[in-house]
Amino acid sequence: MTEPTGGSTDRPRRPVVVPAVALVTITAVGITALLGGLNEATEAPDPLSQGAVLDQGLYSTKFVESRVKVERAENDYSEDKRFVELVFDVTNQGDETYSVGSPPEKLEQAYLANSFAGSLVKITPAFDKEAGPFSFAVSKGGETRQLFPGVTSQVIVRYQLKENEQPPEKITFDVASFEYRTDFNSTDPIWSMVATESGDKFFPEIKARVTLPVKKGDSA
């Protein structure tokens, strides 16, 4: 007795057509999963350069320049002082007076600040603690540590260089922003730094990453 021909085991299989869009979607999801998952993917901050203007919520900030500033000694027994300065045009967009402040020493402490310089949450390269920073504003011809509502002031954040220390070619810093919201200690809205909770700590969200070339040869 002969076996019947044309059984299912000999039947050629029909090709399965997968739309190109589906293949692209599957590939993208697979790559994202390898990079840590959809929910964990973070966007890189906006890169900005000299002359750019950033809306930080509480402040509108123009990144003017970075420069070397030399303060000449008053007599032959003193040495010239050299500084690397970050220069900003800052407008206080709030209804109250805020402090110029200083860049934070630790990233996890930065979210507590509402000062302008407190929003410069990371500066690269890092300077020694002995170098500063020293921060102040210039408004109407005088120096102040305050930023008044609706007023644009030039803010300077400076670091002192050691003898024979060469200034960096460029400086990069991460900038945070602020939002007007209620705080857990009060029902009245206040300006607070935008931050993300991680465990029992809060870390500022980076609004922009700014790189400025350091201009050489400026003197007082």
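Residues numbered from 1 in each chain as written. Predicted model: local features only at pLDDT ≥ 70, side-chain atom pairs only at ≥ 80, totals over all residues. Heavy atoms only, no water.

1. Observations regarding the overall build of the chain
Turning to step 1, where the next piece is worked out: Check the secondary structure of the chain and you find 1 helix and 16 strands.
Turning to step 2, where the next piece is worked out: With 220 residues in all, the chain has 34% of them scored as buried.
Turning to step 3, where the next piece is worked out: Sequence-distant contacts in the chain: of pairs separated by 6 or more residues, those separated by 24 or more amount to 69%.
Turning to step 4, where the next piece is worked out: For the chain, the exposed surface amounts to about 14600 Å²; the carbon and sulfur share of it is 51%. (Helix = DSSP H or I, 4+ residues; strand = E, 2+ residues; numbered from the N terminus. Buried < 20%, exposed > 50% of the residue type's maximum accessible area, 1.4 Å probe, protein only. Contact = heavy atoms within 4.5 Å. Areas by Shrake-Rupley, 256 points an atom, 1.4 Å probe, with all protein chains shown as cover.)

2. Notes on the packing of aromatic side chains
Turning to step 1, where the next piece is worked out: This structure, assessed with the given rule, holds 9 aromatic pairs.
Turning to step 2, where the next piece is worked out: Both rings, one in Phe88 and one in Phe116, keep their centres 5.1 Å apart while their planes meet at 70 degrees; by these two values the pair is edge-to-face. Taken together, the residues span a long stretch of sequence, with Phe88 in strand β4 (residues 81-92) and Phe116 in the loop between β5 (98-99) and β6 (120-124) at a distance of 28 residues. For the pair Phe88 and Phe116, a shared accessibility class is recorded, and that class is buried.
Turning to step 3, where the next piece is worked out: For the pair Tyr180 and Trp191, a centre-to-centre distance of 5.3 Å together with 45 degrees between the ring planes defines the contact as tilted. Of this pair, Tyr180 sits in strand β12 (residues 178-183) while Trp191 sits in strand β13 (residues 186-193), and the two are 11 residues apart along the sequence.
Turning to step 4, where the next piece is worked out: Classification of Trp191 as buried rests on a relative accessible area of 18%.
Turning to step 5, where the next piece is worked out: When the ring centre of Phe83 is taken as reference, the NZ or CZ atom of Arg158 above it lies at 4.0 Å. (Phe/Tyr/Trp six-rings, centres within 6.5 Å; stacked < 30°, edge-to-face > 60°. Lys NZ or Arg CZ within 6 Å of the ring centre and 35° of its normal.)

3. Focus on the nonpolar core
In globular proteins that are soluble, nonpolar side chains generally tend to be buried together.
Turning to step 1, where the next piece is worked out: The biggest cluster of nonpolar side chains holds 38 residues, and the ones touching the most others in it are Phe63, Phe88, Phe116, Val155 and Phe173.
Turning to step 2, where the next piece is worked out: Setting aside its immediate chain neighbours within four residues, Phe116 contacts Gln56, Tyr59, Thr61, Phe88, Val90, Ser99, Val100, Leu147 and Val155. (Core = buried A, V, L, I, M, F, W, Y, C linked by side-chain atoms within 4.5 Å.)

4. What about unusual backbone geometry?
Turning to step 1, where the next piece is worked out: Between Thr124 and Pro125 the backbone carries a cis peptide bond, its omega angle lying at 0 degrees.
Turning to step 2, where the next piece is worked out: Looking at the element boundaries, Pro125 is found in the loop between β6 and β7 (134-139).
Turning to step 3, where the next piece is worked out: For the bond running from Gly132 to Pro133, omega is 10 degrees, close enough to zero to count as cis.
Turning to step 4, where the next piece is worked out: One non-glycine residue, Asn164, lies in positive phi territory at about 70 degrees.
Turning to step 5, where the next piece is worked out: Checked against the element boundaries, Asn164 lands in the loop between β10 (152-160) and β11 (170-176).
Turning to step 6, where the next piece is worked out: With relative accessibility at 66%, the residue Asn164 sits in the exposed group.

5. Let's talk about the side chain of Ser135
Turning to step 1, where the next piece is worked out: Mapped onto the fold, Ser135 is located in strand β7.
Turning to step 2, where the next piece is worked out: The buried category is assigned to Ser135, whose relative accessible area is 6%.
Turning to step 3, where the next piece is worked out: A polar contact of 3.3 Å, which involves the side chain of Ser135, links it to the backbone oxygen of Gly101.
Turning to step 4, where the next piece is worked out: When near neighbours in sequence (up to four residues on either side) are disregarded, Ser135 contacts Val100, Gly101, Ser102, Pro103, Ala117, Arg145, Ile156 and Val157. (Polar contact = N/O pair within 3.5 Å; in protein donor to acceptor, adjacent residues only side chain to side chain.)

6. Structural notes on the confidence of the model for the chain
Turning to step 1, where the next piece is worked out: This prediction gives the chain a mean pLDDT of 82; 76% of its residues lie at or above 70.
Turning to step 2, where the next piece is worked out: A low-confidence stretch, residues 1-9 stays under pLDDT 50, and its non-local contacts, those more than four residues away or across chains, total 0 contacts.
Turning to step 3, where the next piece is worked out: Contacts for the low-pLDDT stretch residues 11-41, under 50 throughout, to residues beyond four places or in other chains number 3 contacts. (pLDDT = per-residue confidence, 0-100.)

7. Some words on the environment of Thr211
Turning to step 1, where the next piece is worked out: Inspection of the secondary structure puts Thr211 in strand β16 (residues 206-219).
Turning to step 2, where the next piece is worked out: Each C-alpha atom, one on Thr211 and one on Phe173, is 6.7 Å from the other, the two residues being 38 residues apart in sequence.
Turning to step 3, where the next piece is worked out: Residues contacting Thr211, with those up to four places away along its chain left out, are Leu48, Ser49, Gln50, Lys170, Ile171 and Thr172.
Turning to step 4, where the next piece is worked out: A distance of 3.0 Å separates a polar atom in the side chain of Thr211 from a polar atom in the side chain of Thr172.

8. Some points on the pattern of salt bridges
Turning to step 1, where the next piece is worked out: Counting across every chain of the model gives 9 salt bridges.
Turning to step 2, where the next piece is worked out: In this structure, Glu85 and Arg67 form a salt bridge, with 2.9 Å as the shortest nitrogen-oxygen distance. Here Glu85, found in strand β4, pairs with Arg67, found in strand β3 (residues 59-71); they are 18 residues apart in sequence, far enough to count as distant.
Turning to step 3, where the next piece is worked out: When its relative accessible area of 11% is taken as the criterion, Arg67 is described as buried.
Turning to step 4, where the next piece is worked out: Overlapping salt bridges, with partners in common, bring together Glu65, Arg67, Glu71, Glu85 and Arg158 in one network. (Salt bridge = Lys/Arg side-chain N within 4 Å of Asp/Glu carboxyl O.)

9. Let's talk about the pairing of β10
Turning to step 1, where the next piece is worked out: Sheet topology places β4 next to β10; 9 bridges connect them, and they run antiparallel. Pairing of Thr91 across the sheet is with Thr152, part of β10. (Pairing = 2+ DSSP bridges.)

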